[in-house]
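Secondary and tertiary structure notes
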Amino acid sequence: MHEPRPSDIVALDHAHLWHPFTQMQEWLAADPLVISAAEGNYLIGADGRRYLDGVSSLWCNVHGHRHPAIDAAIRDQLHRVAHTTLLGLASPPAALVAARLAALAPAGLTRTFYSDAGATAVEIALKLALQYWRLRGEDRPGFVALVEAYHGDTLGAMSIGFSETFHRFYRPLLPVERVPAPYALQRLEARPESEALAIALERLDETLRRKRGTIAAVVLEPLMQGAAGMWPQPVEYLREVRALTQRHETLLVCDEVATGFGRTGRLFACDHTATSPDLLVLGKGLTGGYLPLAATLATEEIFRAFLGPYDGYTAFFHGHTFTGNALACAAALASLQLFTPAMLAAIPAKAAALAAALAAAVRPLPSVFEIRQQGLMVGIELMRDPQRRTGFAPAERIGHRVILAARRRGVVLRPLGDVLVLMPPLSIGDDEIATLVAVAAESIAEVTGA
Ligand SMILES: *Cc1c(COP(=O)(O)O)cnc(C)c1O
């Protein structure tokens, strides 16, 4: 086949593509970087240049690109079949991954429902929660979600999330009560860190008391609210939220689409406090970042509520054409097999090396307001005047300019506004951690004139 030239790709992209989360006017004004291959922790540009994948291809790559075991598992599966439906038929990779997830996930989460994106897996959790209560004879239309939550961009997921920038054109469709996590109290209400946890729990307790009998579930991103700009939580928060949802007899949904699969230093963020939610949402890293696959895990208690005779019509009437796709499940199975105890045990040391490098090279820069980290998940917030807490004007495009400066130095990043995100593959090596942080520091210094 005739290889298209990079300039042809740019022309076709500019003529026909509409990119996600992108102001296309800005996009069309510049030549994009074309990535045509990758290897390990590096992306390879169409011009042959190599770039460290500093945000794991939007937070999903786990073991590096073109991992021999995952590549082989997909090829193997391709020799059998690429896709068959789970509507009315069983499939080996889908069953094997479900069994593996039941063994690895927090205790009690025994049932996997597949879909193909984090957002659809969130929709499934919401629908399961609504129907669960209806099947128990209760009408509970409401949800409790966190201030600045992000759960994806479909209508239901967007309703429980809310970002003014992302979602202001779409009014939430579901009745949602919003409560602040501790960090939101520090940021938005200037509460001291020492009081934030207690106040956050009081607010949730008060909300669940006031809305008693109407809340289907409390939904949250445990340990780190990613898209909010990397807003961390103390580990006790999740444990206490679990206790409150039990006391007020409602469900807890944990969205670990971003935090799952080793990202925070344990396999799941819930594992830091041995917390078991009623529903667990997984996506991004499930296939090692290879193929679109997501999962909503449920307890046996929720699963059993849906059982009944055919003509009772209590089944969960939900599915997607590619639910449980065989190639994606084969990739997931291979990825899960790579999470050996030794591999998991190595993550905290990498996180510590990253923290130490950031403290030395990035923390002293005058425009750095905060460095927020959980495991290999980092947000560096930049401000014009961190002492007075005044940010840069959005039109200055500081975050964007910093990632362009990083790109010139051979590192690909993607910011959240003026929060520089570092989220390397878990396979990142010590030298690469040093490079990542050095490039981040130089790029911030270059753009902010430090
Ligand atoms: C990315 C993300 C989602 C949405 O996942 P998609 O696969 O992009 O639909 C949901 N929740 C969280 C916490 C995320 O980070």
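Predicted, not measured: the structure shown is a model, and the values here were computed from it.

Some words on the sheet that holds strand β14 (residues 377-382)
One open sheet accounts for 3 strands, arranged β13-β14-β16; its pairing is antiparallel. Of all the strands in the sheet, the pair left with one neighbour each is β13 (368-374) and β16 (419-422). Averaged over all pairs of adjacent strands, the angle between strand axes in this sheet comes to 15°, irrespective of strand direction. In this sheet, β14 lies alongside β13 in antiparallel orientation, the contact comprising 6 bridges. Residue Q374 lies in a different strand from β14, and its bridge partner there is M377. Contacts between helix α16 (residues 430-448) and the sheet are confined to β14 and β16, with β16 contributing the most and set at about 165° to the helix.

Section: the site of the ligand
Neighbouring the ligand are W59, A117, G118, A119, Y150, H151, G152, E221, D255, V257, A258 and K284. Here an oxygen atom of the ligand and a backbone polar atom of G118 are 2.8 Å apart. A119 is positioned with one of its backbone polar atoms (N or O) 2.8 Å from an oxygen atom of the ligand. With the chains in place, 82% of the 380 Å² that the ligand exposes on its own is no longer accessible. The residue inventory of the shell around the ligand, partitioned by class, reads 6 nonpolar, 3 polar and 3 charged.

Re unusual backbone geometry
Excluding glycine, residues mostly carry a negative phi; peptide bonds, for their part, are mostly trans. The phi dihedral of F21 falls on the positive side, at around 45°, and the residue is not glycine. One non-glycine residue, R397, adopts positive backbone phi at about 55°. Counting through the fold element by element, R397 comes out in the loop between β14 and α15 (398-408).

Side note on the sheet that holds strand β2 (residues 42-45)
Here 4 strands make up an open sheet; going across it, the order is β1-β2-β3-β15 and the pairing mixed. Each edge of the sheet is formed by a strand with only one pairing partner; in this case those strands are β1 (35-39) and β15 (411-412). The pairing of β2 with strand β3 (residues 50-53) spans 3 bridges and is classified as antiparallel. In the strand pairing of β3, I44 is matched with R50.

What to know about the domain arrangement of the protein
By the assigned domains, the protein splits into domain 1 (33-66 + 341-448) and domain 2 (71-337). For domain 1 and domain 2, the distance between their C-alpha centres works out to 27 Å. Around 2,300 Å² of area is buried between domain 1 and domain 2 when both sides are counted, 58% of it from carbon and sulfur atoms. Of all residues in domain 1, W59, Q374 and M377 bury the most surface against domain 2, accounting for 28% of the area lost on that side. On inspection of domain 1 and its partner domain 2, the count reaches 2 salt bridges. Taking the shortest distance from any N to any O, the salt bridge between D71 and R66 comes out at 3.4 Å. For the pair domain 1 and domain 2, the interface holds 15 residue pairs in polar contact (both at pLDDT 80 or more). For the side of domain 1 that touches domain 2, the secondary-structure elements that each account for two or more residues are α3 (56-59), α14 (341-361), β13, β14 and β16. At 5 residues, the largest contribution of residues to the side of domain 1 that touches domain 2 is made by β13.

The rules we used
Residues numbered from 1 in each chain as written. Predicted model: local features only at pLDDT ≥ 70, side-chain atom pairs only at ≥ 80, totals over all residues. Heavy atoms only, no water. Pairing = 2+ DSSP bridges. Helix = DSSP H or I, 4+ residues; strand = E, 2+ residues; numbered from the N terminus. Axes fitted to C-alpha atoms, helices over the stretch in contact; angles between N-to-C directions. Contact = heavy atoms within 4.5 Å. Near = heavy atom within 4 Å. Polar contact = N/O pair within 3.5 Å; in protein donor to acceptor, adjacent residues only side chain to side chain. Areas by Shrake-Rupley, 256 points an atom, 1.4 Å probe, with all protein chains shown as cover. Nonpolar A, V, L, I, M, F, W, Y, C, P; charged D, E, K, R; others polar. Domains from an automatic or database assignment. Buried area = accessible area lost by both parts, 1.4 Å probe. Salt bridge = Lys/Arg side-chain N within 4 Å of Asp/Glu carboxyl O.

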